[in-house]
Number of protein chains: 2
Amino acid sequence: MTIQHKLPADIERTSMQIIEKELLQMGIEIPSENDAVVRRVIHTTADFEYARNLRFTPEAVAQGVTALQRGVTIVTDTNMALAGISKPSLMALGASAQCYMAEPMIAEKAKLQGTTRAVAAMRYAAQSCPQAIFAVGNAPTALLELCDLIEQKSLRPSLIVAVPVGFVNVVESKERLFAVCTEQGIPCIAAMGRKGGSTVAAAICNALLYMATGRLNPSARGWQG
Amino acid sequence: MTIQHKLPADIERTSMQIIEKELLQMGIEIPSENDAVVRRVIHTTADFEYARNLRFTPEAVAQGVTALQRGVTIVTDTNMALAGISKPSLMALGASAQCYMAEPMIAEKAKLQGTTRAVAAMRYAAQSCPQAIFAVGNAPTALLELCDLIEQKSLRPSLIVAVPVGFVNVVESKERLFAVCTEQGIPCIAAMGRKGGSTVAAAICNALLYMATGRLNPSARGWQG
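What you see is a predicted model, and the numbers here were worked out from it, not measured in a lab.

Rules behind the numbers
Residues numbered from 1 in each chain as written. Chains lettered and ligands numbered in written order. Predicted model: local features only at pLDDT ≥ 70, side-chain atom pairs only at ≥ 80, totals over all residues. Heavy atoms only, no water. Helix = DSSP H or I, 4+ residues; strand = E, 2+ residues; numbered from the N terminus. Buried < 20%, exposed > 50% of the residue type's maximum accessible area, 1.4 Å probe, protein only. Contact = heavy atoms within 4.5 Å. Areas by Shrake-Rupley, 256 points an atom, 1.4 Å probe, with all protein chains shown as cover. Pairing = 2+ DSSP bridges. Axes fitted to C-alpha atoms, helices over the stretch in contact; angles between N-to-C directions. Parallel < 35°, antiparallel > 145°, perpendicular 65-115°, else oblique. Nonpolar A, V, L, I, M, F, W, Y, C, P; charged D, E, K, R; others polar. Right-handed = clockwise from strand over helix to strand, strands pointing away.

## Side note on the overall build of chain A
Looking only at helices and strands, chain A features eleven helices and six strands. Principal-axis analysis of the C-alpha atoms places the extent of chain A at approximately 60 × 35 × 35 Å. By residue count, 60% of the 225 residues in chain A fall in the buried class. Across chain A, contacts joining residues at least 24 apart in sequence account for 67% of those joining residues at least 6 apart. With the model as given, the accessible surface of chain A reaches about 9200 Å², and the carbon-plus-sulfur share is 49%.

## Regarding the sheet that holds strand E5 (residues 159–162) of chain B
Residues and elements named next belong to chain B. Ordered by their spatial adjacency, six strands build an open sheet running E1-E6-E5-E4-E2-E3, and the pairing between neighbours is mixed. Each edge of the open sheet is held by one strand with a lone partner, namely strand E1 (54–56) and strand E3 (96–99). For this sheet the average axis-to-axis angle between neighbouring strands, irrespective of direction, equals 15°. Both strand E2 (residues 73–76) and strand E4 (residues 133–136) contribute to a ladder of three bridges, which runs parallel. Opposite Ile-74, over in E4, you have Ile-133 as the bridge partner. Against the sheet, helix H8 (residues 117–128) engages E2 and E4, with an angle of about 165° to E4.

## Looking at the packing of helix H7 (residues 104–113) of chain A against helix H8 (residues 117–128) of chain A
Residues and elements named next belong to chain A. As a packed pair, H7 and H8 sit with axes 8 Å apart at the nearest point and diverge in direction by 105°. The orientation of H7 with respect to H8, classified from their angle, is roughly perpendicular. Between H7 and H8, the contacting residues are Met-105, Ile-106, Ala-107, Lys-109, Ala-110 and Gln-113 on the first element and Arg-117, Ala-120, Ala-121, Arg-123 and Tyr-124 on the second. Of the residues assigned to the contact of H7 with H8, the class counts are seven nonpolar, one polar and three charged.

## Considerations on the pairing of strand E6 (residues 188–191) of chain B
All names here are of chain B. Residues Cys-188 and Ala-190 point to one face of E6 and Ile-189 and Ala-191 to the other, with burial holding for every one of them. By the bridge criterion, three bridges tie E1 to E6 in an arrangement that is antiparallel. Paired with Phe-56 across the two strands is Ile-189, which belongs to E6. Taken together, the three bridges between E5 and E6 define a ladder with parallel strand orientation. Its bridge partner lying in E6, Ala-162 is registered against Ala-190. Regarding the hand of the β-α-β motif, the stretch spanning E5, helix H10 (residues 170–184) and E6 is right-handed.

Okay, here's the thing in structure tokens:
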């Protein structure tokens, strides 16, 4: 078997062309404003279900990009998602990313508050960076806490990326969060259904970061290099 | 909508029961030796395709568990996979995990060798920890390099977890690697087809780690708590 070695940038460009072609063959048309995000998630997962699962509040992508260009913080609920977010892009924008989950003070707060670390981490982030982009790829309880904080008017984030994965409370938490965001006019990008995860959270953040830095041109279809 | 809050351990137990039930409904029977790994990957991805995609050389799971109990190093090709691997389990076994991809000396080696960072990182790991478990969730070029090193008798790892994701060279690299491992008698767990990724690589390592530490009982079906 001969396998042609290719450079990472060439592989990415070819991958995006394959994704475009297969979406076309499946008769799936993605609204152009959401196109870069949907493709990057498919690129990250090789799973075309995301073409149907991803749901966006109106202008969520543009609002996320603008927030990153203002230099907001991205708060994640896993260190995996944090590890996957493009550090050069964050640096270029003067933005940053944080995950509080593994910090000892969060474990302590969770114990004191009788709650999970995910909830304690969201409460802490809501106080320390209330205009952040929240990227939740793991914990449904984190999403439910964000719902409560928003409804109590204690939080008004720039965007919520709501993509926990799993079998218990996951579908319901994403549905509630999307409804709350729609009602309160908060931008939201969610993967409806069971699927999602840290790689999906990071992929969505990276698509927004690449648009914010001009590496991706949001008005053109696909990858610019 | 009322959503019942649950503890993480209860969520995991319920999730595993749902996965077991749905596999049964789909008429999918997983050989008991591979069961814990397959279920953990489905738990991590909510994607039942892995019940058919995951391929194991004979006794790969047992050999991976034994290697971890000996305290081998897990080498990953992404910092995301590294972030997802259970640190308490590694510590309990005296094992460790490493990712060389972002180290400046690897970028330098790649430049000098005229290759990618993934290839340079695998070459370096093959020298510094030749008995490692290699967990590749991203770069097909990393897998192809492992194939070459094994065929040159420069490397004899304890296990290869071969789960890159994507559209270019991914399917081919996993097929070649699985064939090489089969031929050379090297334990291998691979996700055939396009799917995989850092979360899948970490999930497979964690399933092995939980078995190695006794948190999961490999002879019983499913999760022990």
